[in-house]
Amino acid sequence: MERHEYDVVVIGAGGAGLRAAIEARQQGKRTAIVCKSLFGKAHTVMAEGGAAAAMGNVNSSDNWMVHFRDTMRGGKFLNNWRMAELHAKEAPDRVWELEAWGALFDRTKDGKISQRNFGGHEYPRLAHVGDRTGLELIRTLQQRVVALQQEDEKLHGDPEAYIKVFAECTITRLLKDGDAISGAFGYWRETGDFILFDAPAVVLATGGIGKSYVVTSNSWEYTGDGHALALLAGAKLINMEFIQFHPTGMVWPPSVRGILVTESVRGDGGVLRNSEGRRFMFDYIPDVFKDKYATTEEEADRWYDDQANNRRPPELLPRDEVARAINAEVKAGRGSPQGGVFLDVSTRLPAAEITRRLPSMHHQFKELADVDITKEPMQVGPTCHYIMGGVEVDADTGAASVPGLFAAGEVSGGMHGSNRLGGNSLSDLLVFGRRAGAGAAGYVDGLAKRPSVTGVEEAKAEALAPLERTGGENPYEVHHELQRTMNDLVGIIRKSEEISEALQVVEKLKERAKNAASSGSRIYNPGWHLALDLRNMLLVSECVAKAALLREESRGGHTRDDFPGMSAGWRRKLLVCSAKPDGTSVTVEERAQPSMRGDLIGLFERSELEKYLTEEELAEYDAAVKES
Amino acid sequence: MGYKAKFRIWRGEGGEGRLEDFTVEVNEGEVVLDVIHRLQATQTPDLAVRWNCKAGKCGSCSMEINGRPRLGCMTRMSTFEESETITVTPLRTFPVIKDLVTDVSFNYQKAREVPSFTPPADVKPGEYRMQQVDVERSQEFRKCIECFMCQNVCHVIRDHEENKPNFSGPRYFIRIAELDMHPYDVAERKEPAQEEHGLGYCNITKCCTEVCPEHIKITDNAIIPMKERVVDRKYDPLVWLGSKIFKRQR
Amino acid sequence: MTQTTAESAARKQRAQIRVRTLRTDRWWLAPAFTFAGLLLFLIYGFWAIFDKSYFVDPYIAPFSSPCLATSCPEGARLFGLAPFGDWYTLPPGILILGLPGGFRLTCYYYRKAYYRSFWLSPPACAVAEPHGKYTGETRLPLILQNIHRYFFYLAIVIGLILTYDAVLALVHKPAGLGSWILLVNAALILCYTFGCHSCRHITAGRLTHFSRHPLRYKAWTLVSKLNARHQKFAWASLFSVMIADLYVRLVAMGVINFPFA
């Protein structure tokens, strides 16, 4: 079996993975990047709107404190405040650094990086390139990796001496030596041959779990691999009940159902209407946001030109609010013919302006749905987009509770609390990708000796099992049933009975998945790959459902029909998932959320905090304010 | 609504293989990639195909549909007659791994041969000031999703395997053009474009532009401008003389 | 369970598809039309060179303008000049046709057109070309295509002369159909000439900072607009020059003789 020795193995080659790998390599570590797709195809390319960073290029009132407040507000104060702080402070540097690596963002008149408005952000804050910012980000990082390889070729004669990409390679198990990480085991998708990484530090950057849902904006890669690998290696997952349903996914044609319609459509003037032609978002402004959003169409329309003197349109409420509103309209029978609502930009902007500002949306609708968005409205509905929950990590280093294990990006949890603001994802990848890479490098430096690899035979047997069974379950059917179950029963609106039912189904599916069989050879066999991914999807789904059942309130990406209100008591609690190494006995426990540091909580008005915090916490706030 | 479509799909590991016939259900609004996925789920679970985003943004599902390079996810079934047999084959210019999946490592090799963005040493991150009009040309090329269909369709290597070592292909010509037009790039890229990357092999027959799913004007906006820049450097006696006389530019 | 290893010979091969193309559309149509169009032009041009009825006051056939030989009739000469001596007895068109001919021959659009339709390299996208070896424009003679910009400079001169011819005709015979045909032809030729890729490069394409040269950038945007229609202007002017040329000759021969001819 192929065996490689590295200092740091990064699993995932999206924004977070590449940034982590670049950092580890820049700190002199031999680094491997392992990804399931080709290099440069990661799901980050789908990000459209931009990367949020308080550079203040468009509105100089912006700074990290405003960004921090917006992030905490968006996450309904459940965020890991230290992460939100680091994120807001470091995002500008991470964006500027990309520019020095060749990224070409859109510009302001004075030649700086242009910034656009986005839901939940008080000022124009998103560095962007048209509506293909994710592509720009991934390409820049990809080219930075190539630049480092060119450097190594000059220095050592081998471009892959210090950083190498293992593309189309899937990791199925993390290996340990005692408590600590010692490597990773996987297979080449191309040949089916096994591959073993001998490495003291592993950075997970595998993204999300969307493929457990039918309607999702996520690609096939999003099978919760990192979440599951971490769980099986003994790490903890937090906030798994919080899943962001992006309010605007395509609803037609069926084959592209769920594919994203960027929030920039709304940021640039697009409005949501129901079948009666009403801009219904005005009916759904929650109390906590009452004073920040326009209450009349006139004021909302004025905002696009004069943001200083008008409140923003309610179409730009945080994603969870908009998604729930659309869901409610459709349920009330005021939906569009294909079961969404109308998103109209055609009557709001001249055609040329639409194609200039939203080129890829124009292209996407033209090519996929035969709809010309400059002439007619789009039909949109909520789609599973992002999981706020993930591996519990140390904010500063990205370290999980298992020594040698790190996580960054969507697979890590805490940063976004119960709901992520649009644009905070790309900046999250950069800020915490870099921190996790540095954390892993630092950890390797501090090791007295390299751990040794164990558990290879078990991993091998587990991976081969689906090929050795004959006449077992069709993995595609098991997958499809899981997707339907999660979508219908643990979707955007949840109920206790439905979640319990989902848990029973998942239990049955776990049994069926154990019996999944794949015909054909080991060479590029998608049936086999899916059979192996099922383990991860089921495990993650179980965590999501169990946590969703426990949290008896509605907050951000978790809406309980039977507990519609937000509870200050629950805000203090994090739900933590863990499992046994064989994937059985998934348990969810409550853990207290640590209080915010005095200087950070002092950035908020008391009147705002009253909506979220318990009396006890407010007393702490008063003390902190008095002190300063 | 739905109907049964006839497909002929290349099956095989490595170069040896054959076209196999399938009859498969097609529903309204579907694309070729959907149909291939239905085949995987119902008839041939090990049919290999690359895909990711399903929205024409990642450039993974490049294949040849009725002989033309296309993205499977962007080829609507409604563009075919219901009675038509649709032939799907892997990209012809690259070695086949299995079925519709090809080994595209040639492209990653070429990517590594283009020297990276080289800014002046004294500009710090955050100090970059560029006008929108100055970045727009390069931005067009950065729309590239690396589907490698331009590389696949280019006859220079499609029909002449032996040219591969000397020819980087349209994807990397736009990369070179992107950098050469970048307001802050200081590396010399014209001479290498001709001597190392084989710009001269291109006979501007524009198939790369024709197949580009991002509608990048590869030939008109990148290759020809680069050819003209090469002429400045190598073939134009007047420009050469001018640069000798007025040695003002760095 | 069978498994081929990564190193087996078959793994390095392309798909062994024996047919030249799997395209099902009529891919041969475009190169066939191009071939026919260009061939027609060549045949016409060859005939026009040796045809002597190129001048009828105030019209001069574009294929023979500027008329620089001593054999040219007085009124046909450009500014009355005849720089070539009596020794030159060949048709006057030969003296100048190399300029627009060379411009079109090295034009980036026409190169595509004839590489595809005449040389079949390739005949259409994803259709295999019939040649065993291919070196493109890397060596002689095709490396000479790089002199295109010099032909462009000369083509401007020719374009201006044709415009001058047309204006002159219009002044002398404003009601003549021929004057207007010559004018339309001159306009199309100028649109084709100034939409040239070399022209686009020279105006501002070679610059890195458009923002520092606003006037040149403005010119570049105009040229770019013409350039986007370069193929259309290439064909339109190809036919317009043939039509204008034939028209003048037919008038000169007396075949066309209505009052406003």
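Just so we're clear, the structure is a prediction, and the values are computed from it rather than from any experiment. (Residues numbered from 1 in each chain as written. Chains lettered and ligands numbered in written order. Predicted model: local features only at pLDDT ≥ 70, side-chain atom pairs only at ≥ 80, totals over all residues.)

Looking at the sheet that holds strand β4 (residues 68-71) of chain B
The strands making up a sheet are joined through hydrogen bonds of the backbone, oriented either antiparallel or parallel. Residues and elements named next belong to chain B. Ordered in space as β2-β1-β5-β3-β4, the five strands form an open sheet in which the pairing is mixed. Looking at the sheet topology across the chains shown, the edges are occupied by β2 (18-26) and β4. Along the sheet, successive strands turn relative to each other by an average axial angle of 35°, direction set aside. Note that strand β1 (residues 3-11) and β2 share nine bridges and pair antiparallel. Bridge pairing in β2 places R8 opposite D21. (Pairing = 2+ DSSP bridges. Helix = DSSP H or I, 4+ residues; strand = E, 2+ residues; numbered from the N terminus. Axes fitted to C-alpha atoms, helices over the stretch in contact; angles between N-to-C directions.)

A closer look at the domain arrangement of chain A
If you check the domain split of chain A, you get domain 1 (246-385), domain 2 (460-570) and domain 3 (598-627). A separation of 35 Å is found between the C-alpha centroids of domain 1 of chain A and domain 3 of chain A. (Domains from an automatic or database assignment.)

Some remarks on the UniProt feature "coiled-coil region" (unreviewed entry) in chain A
UniProt tags residues 492-519 of chain A as "coiled-coil region" (unreviewed entry). Counting secondary structure, residues 492-519 of chain A comes out at 68% helix and 0% strand; the distance between its end C-alpha atoms is 36 Å. (UniProt positions renumbered as here; feature names shortened; annotations may be inferred.)

Considering the sheet that holds strand β9 (residues 180-188) of chain A
Residues and elements named next belong to chain A. The strand order across the open sheet formed by four strands is β1-β10-β9-β8, and the pairing between neighbours is mixed. For this open sheet the edge positions go to β1 (2-5) and β8 (169-177), each flanked by a neighbour on one side alone. The average angle at which neighbouring strand axes cross in this sheet is 20°, direction not considered. With five bridges connecting them, β9 and strand β10 (residues 194-198) associate as antiparallel partners. Each bridged residue has a counterpart across the sheet, and for G186 the counterpart in β10 is I195. Strands in contact with helix α12 (residues 456-468) are β8, β9 and β10; relative to β8, the strand with the most contacts, it is inclined by about 150°. (Contact = placed C-beta atoms within 7 Å.)

Here's the deal with the confidence of the model for chain C
All names here are of chain C. Mean pLDDT over chain C works out to 92, with 96% of the residues at or above the 70 mark. Under a pLDDT of 50 for its full length, residues 1-10 has, in the predicted model, 18 contacts with residues more than four places off or in other chains. Model confidence for the complex is summarised by a pTM of 0.93, with the ipTM given as 0.95. (pLDDT = per-residue confidence, 0-100.)

Comments concerning the environment of K29(A)
Residue and element names in this part refer to chain A. Turning to its location among the elements, K29 is positioned in the loop between α1 (15-26) and β3 (31-35). K29 gets classed as buried once you count the C-beta atoms within 10 Å, which come to 23. Along the sequence, K29 and G226 sit 197 residues apart, while their C-alpha atoms lie 22 Å from each other. Residues contacting K29, with those up to four places away along its chain left out, are D7, V8, A24, A441 and V444. (Buried ≥ 20, exposed ≤ 12 C-beta atoms within 10 Å, placed from the backbone.)

Looking at the UniProt feature "active site" (unreviewed entry) in chain A
Residue and element names in this part refer to chain A. Look at the UniProt record and you will see "active site" (unreviewed entry) annotated at R319. Relative to the elements of secondary structure, R319 occurs in helix α8 (residues 319-331). For R319, a count of 26 C-beta atoms within 10 Å translates into the label buried. Ignoring sequence-local partners within four residues, the contact set of R319 consists of G119, Q244, H246, P247, N419 and G422.

Let's talk about the interface of chain B and chain C
At the interface, 49 residues of chain B touch 44 residues of chain C. Among the elements of the structure, β4, β5 (85-89), α3 (132-141), α5 (155-158), α8 (207-211) and α9 (218-235) of chain B are those that each provide at least two residues to the side of chain B that touches chain C. For the side of chain B that touches chain C, the leading source of residues is α9(B), giving eight residues. Residue classes in the side of chain B that touches chain C are distributed as 20 nonpolar, 15 polar and 14 charged. (Nonpolar A, V, L, I, M, F, W, Y, C, P; charged D, E, K, R; others polar.)

Side note on unusual backbone geometry
Residue and element names in this part refer to chain C. A cis geometry characterises the amide bond from D57 onward to P58, with omega recorded as 5°. Here P58 lies in the loop between β1 (55-56) and β2 (59-60). Geometrically, the link from S121 to P122 is a cis peptide bond, its omega value of -5° lying close to zero. Within the secondary structure, P122 sits in the loop between α3 (108-117) and α4 (148-172).

Quick word on helix α6 (residues 197-205) of chain C
Three- or four-residue spacings in an α-helix give side chains the same orientation, since the helix completes a turn every 3.6 residues. Of all the nine residues making up α6(C), nine are buried; the element is thus mostly covered by neighbouring parts of the structure. Taken residue by residue, α6(C) has H197(C), S198(C), C199(C), R200(C), H201(C), I202(C), T203(C), A204(C) and G205(C) as its buried positions. Tucked into the core, α6(C) has its buried residues touching α9 of chain B together with α3, α4, α5 (177-194) and α7 (214-228) of chain C.

Observations concerning the nonpolar core
Residue and element names in this part refer to chain A. Of all hydrophobic cores here, the largest spans 331 residues; its most connected members are V202, V203 and F406. A per-element tally of this core places helix α15 (residues 526-550) first, with 15 residues. Residues in contact with V202, not counting those within four places in the same chain, are V9, I11, L174, I181, A184, G404, L405 and F406. (Core = buried A, V, L, I, M, F, W, Y, C linked by C-beta atoms within 7 Å.)

Quick look at the pairing of β1(B)
Residues and elements named next belong to chain B. Between β1 and β2, which pair antiparallel in sequence order, lie six residues; one of them, G12, sits at a positive phi of approximately 155°. Inspection of the sheet shows β1 paired to β5 by four bridges, in the parallel sense. Bridge pairing in β5 places I9 opposite V88.

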